[in-house]
Amino acid sequence: MRFPLCIGAFLAALGFLSTPLAQAAGFKDPLDVPAMASAIASSSMLSAVVRTPGGRHVAVGRRGHILVSDNGGQNWRQVSCPVSTDLVAVQFIDARKGWAVGQGGVVLHSTDAGDTWIKQLDGRQAAALMVKHFEALAGDERHAMALDDARRFQEEGPGRPFLDLWFEDDQSGFVVGAFNMIFRTGDGGKSWQVWSDRVPNEGGLHLNAIRGLGSDIYMVGEQGSLWRLDRASQRFVNIPTSYGGSYFGLAGTQGVLVLFGLRGNAFRSEDGGGTWAKLETGVTSGVSAGIVLPGNRLVLVTLGGEILSGPLDGRLAPLKADRPMPYYGVAGSDAGLVLVGGQGARSQKIN
């Protein structure tokens, strides 16, 4: 595997590197082993956090750890998880319904605000769906390489991770991941359709993040890649950007799009990606996550432990972190921010 460039890919790489040795030693697949309870789960590595529309915070991380907080991140409670794979992204579309994704091509679903979870998809099922999908297109030479890759994925086992997800409502959503892996559901995750051939990504670049901003859905990846869903054709189309490095994520609103990634790079477009302006972040660490708070306040966090904030259409300024650590995820709270990263979960007040 190529060198991992974002936290999702980093966690995934641990799985890629360990799987062959683990299997040789009679290792049981983490997709079949529930996560273990841990007294230090809230101070162990967590990859992503979200504030649900009901006000609860849900965080996910290493070895299937899922935690919930009902007081703005001050206290956390670990909940059960049916897998012990690393989880890297989470989203809730209302107070009760949410999804999480991660290593092993796993997709989890909750209908009770994150208290319990079920597995809806894993890498074994995903590989089989990809083989079936591309076998049906075998007469088209454009898909021959994709079929070979799908068969190789199936033979190697469920090592490829999903790195992000986006649901528009409780029925329609996408999960995206390594090597151009993208699936769509139209029934809340009961079934999944392969969409890899609907993305112009001949190099099989990793799809690092996907977000809905207003009525548009955008996706970013390696080598400065940005795509937008064309709803008429039901395909993603490429949008050129002014940067050739990897994007780790995106944030914004219907009118303003912000991309961020390697070496402190962040760019803003106010015309749907037609033109770009570089944001002066003042940092050199990778920008790992970002959100837009009420009042159109942009917050970016970095792997170097920096927190940046400012108007969505203005300049960013550093915030003093109470207890810096490598940050992998951020969510808003009534008092300010909830941050997760290399040393667990923390709350941060902001003015």
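Residues numbered from 1 in each chain as written. Predicted model: local features only at pLDDT ≥ 70, side-chain atom pairs only at ≥ 80, totals over all residues. Heavy atoms only, no water.

**Student:** What is the right way to read the overall build of the protein chain from this model?
**Tutor:** Each helix and strand counted, the protein chain has three helices and 27 strands in total. Here the protein chain holds 351 residues, and 57% of them are scored as buried. Here the analysis covers contacts within the protein chain between residues at least 6 apart in sequence; of these, 46% occur between residues at least 24 apart. For the protein chain, the accessible area works out to roughly 14,700 Å², and carbon and sulfur atoms hold 51% of it. Separation of charge centres in the protein chain, based on 32 positive and 32 negative side chains, amounts to 5 Å. (Helix = DSSP H or I, 4+ residues; strand = E, 2+ residues; numbered from the N terminus. Buried < 20%, exposed > 50% of the residue type's maximum accessible area, 1.4 Å probe, protein only. Contact = heavy atoms within 4.5 Å. Areas by Shrake-Rupley, 256 points an atom, 1.4 Å probe, with all protein chains shown as cover. Lys, Arg positive; Asp, Glu negative; His and termini not counted. Charge placed at Lys NZ, Arg CZ, Asp CG, Glu CD.)

**Student:** Just to check I follow, could you spell out the sheet that holds strand β27 (residues 344–349) for this structure?
**Tutor:** Paired through their backbone hydrogen bonds, the strands of a sheet run either parallel or antiparallel. If you walk across this open sheet you meet the three strands as β25-β26-β27, and the pairing is antiparallel. Each edge of the open sheet carries a strand with a single partner, namely β25 (327–332) and β27. Pairs of neighbouring strands in the sheet enclose a mean axial angle of 25°, with direction left out of account. Pairing of β25 with strand β26 (residues 336–341), which is carried by five bridges, proceeds in the antiparallel orientation. Considered in β26, the bridge of A331 is made with V338. (Pairing = 2+ DSSP bridges. Axes fitted to C-alpha atoms, helices over the stretch in contact; angles between N-to-C directions.)

**Student:** What is the right way to look at the packing of aromatic side chains in this model?
**Tutor:** Think of a pair of aromatic rings as described by two things: how far the centres are apart, and how the planes are tilted against each other in angle. Across all of its chains, the model carries 10 aromatic pairs by this definition. Ring centres of W99 and F167 lie 3.7 Å apart, and the angle between their planes is 10°; this geometry places the pair in the stacked category. Pair noted here: W99 is in strand β6 (residues 98–102) and F167 is in strand β9 (residues 162–167), with a separation of 68 residues, a long-range link. Comparing W99 with F167, the two get one shared label, buried. An angle of 55° between the planes, with centres 5.6 Å apart, marks the rings of Y243 and Y247 as tilted. Accessibility classification places Y243 together with Y247 in one group, the buried group. Site record: aromatic cluster; members linked through ring pairs are W99, F167 and W192. (Phe/Tyr/Trp six-rings, centres within 6.5 Å; stacked < 30°, edge-to-face > 60°.)

**Student:** Please explain the environment of K190 as it appears in this structure.
**Tutor:** Tracing the chain through its elements places K190 in the loop between β11 (182–185) and β12 (193–194). Separated by 19 residues in the primary sequence, K190 and Q171 have C-alpha atoms spaced 9.2 Å apart. Residues in contact with K190, not counting those within four places in the same chain, are Q120 and T185.

**Student:** Honestly, the pattern of salt bridges in this entry has me stumped. Any pointers?
**Tutor:** Pairing is possible between side chains of opposite charge, provided their charged atoms come close. Inspection of the entire model under this criterion finds 16 salt bridges. R62 is the salt-bridge partner of D86, the closest N and O atoms lying 3.1 Å from each other. Within this pair, whereas D86 is found in the loop between β4 (77–79) and β5 (87–92), its partner R62 is found in the loop between β2 (57–61) and β3 (66–69), the two being separated by 24 residues in sequence. The partner of D122 in a salt bridge is K119, and the shortest N-O contact between them spans 3.2 Å. Since its relative accessible area comes to 31%, K119 is described here as partly exposed. Each of the salt bridges in this network shares a partner with another, and the network as a whole consists of D29, D32, K119, D122 and R124. (Salt bridge = Lys/Arg side-chain N within 4 Å of Asp/Glu carboxyl O.)

**Student:** Just checking my understanding: could you explain the sheet that holds β12 for this structure?
**Tutor:** Taken in spatial order, the four strands of this open sheet run β9-β10-β11-β12, and their pairing is antiparallel. This sheet does not close on itself; its edge strands, each paired only once, are β9 and β12.

**Student:** Please clarify how the packing of helix α2 (residues 123–135) against helix α3 (residues 144–156) should be interpreted in this entry.
**Tutor:** When two helices pack together, their arrangement is given by the angle between the helix axes and by the axis-to-axis distance. Between α2 and α3, whose axes approach to 8 Å, the crossing angle comes to 155°. Here α3 runs roughly antiparallel to α2, going by the angle between their axes. At the point where α2 passes α3, the crossing takes the left-handed sense. Between α2, through G123, A126, A127, A128, M130, V131, F134 and E135, and α3, the contact on the second element is made entirely by A146, L147, A150, R151, F153 and Q154. Taken together, the residues that form the contact of α2 with α3 break down as 10 nonpolar, two polar and two charged. (Parallel < 35°, antiparallel > 145°, perpendicular 65-115°, else oblique. Left-handed = near helix turned anticlockwise from the far one by under 90°. Nonpolar A, V, L, I, M, F, W, Y, C, P; charged D, E, K, R; others polar.)

**Student:** Looking at this structure, how should I read the nonpolar core?
**Tutor:** Note that soluble globular proteins tend to have their nonpolar side chains buried in a common cluster. With 22 residues, the main nonpolar core has V107, F162, V175 and F183 as its most contacted residues. Those elements that provide at least two residues to this core are β5, β6, α2, α3 and β9. Here this core gets five residues from one element, more than from any other, and that element is α2. In terms of nonpolar packing, the next biggest core, distinct from the first, is built from 18 residues, I66, L87, V90 and V106 among them. (Core = buried A, V, L, I, M, F, W, Y, C linked by side-chain atoms within 4.5 Å.)

**Student:** How should I be thinking about α3 in this particular structure?
**Tutor:** At 3.6 residues per turn, the α-helix brings residues three or four places apart onto the same side. In a regular helix each residue adds 1.5 Å, so 13 residues correspond to 18 Å; α3 covers 18 Å between its end C-alpha atoms and thus fits that length. The complete set of buried residues in α3 reads L147, D149, A150 and F153. Angular distribution of buried residues about the axis of α3 spans 165°; they occupy a single face of the element. Exposed side chains of α3 directed beyond 90 degrees from the buried face belong to M145 and E155. Here the buried face of α3 lies against α2. (Expected span 1.5 Å × (residues − 1). Arc of directions from axis to C-beta.)

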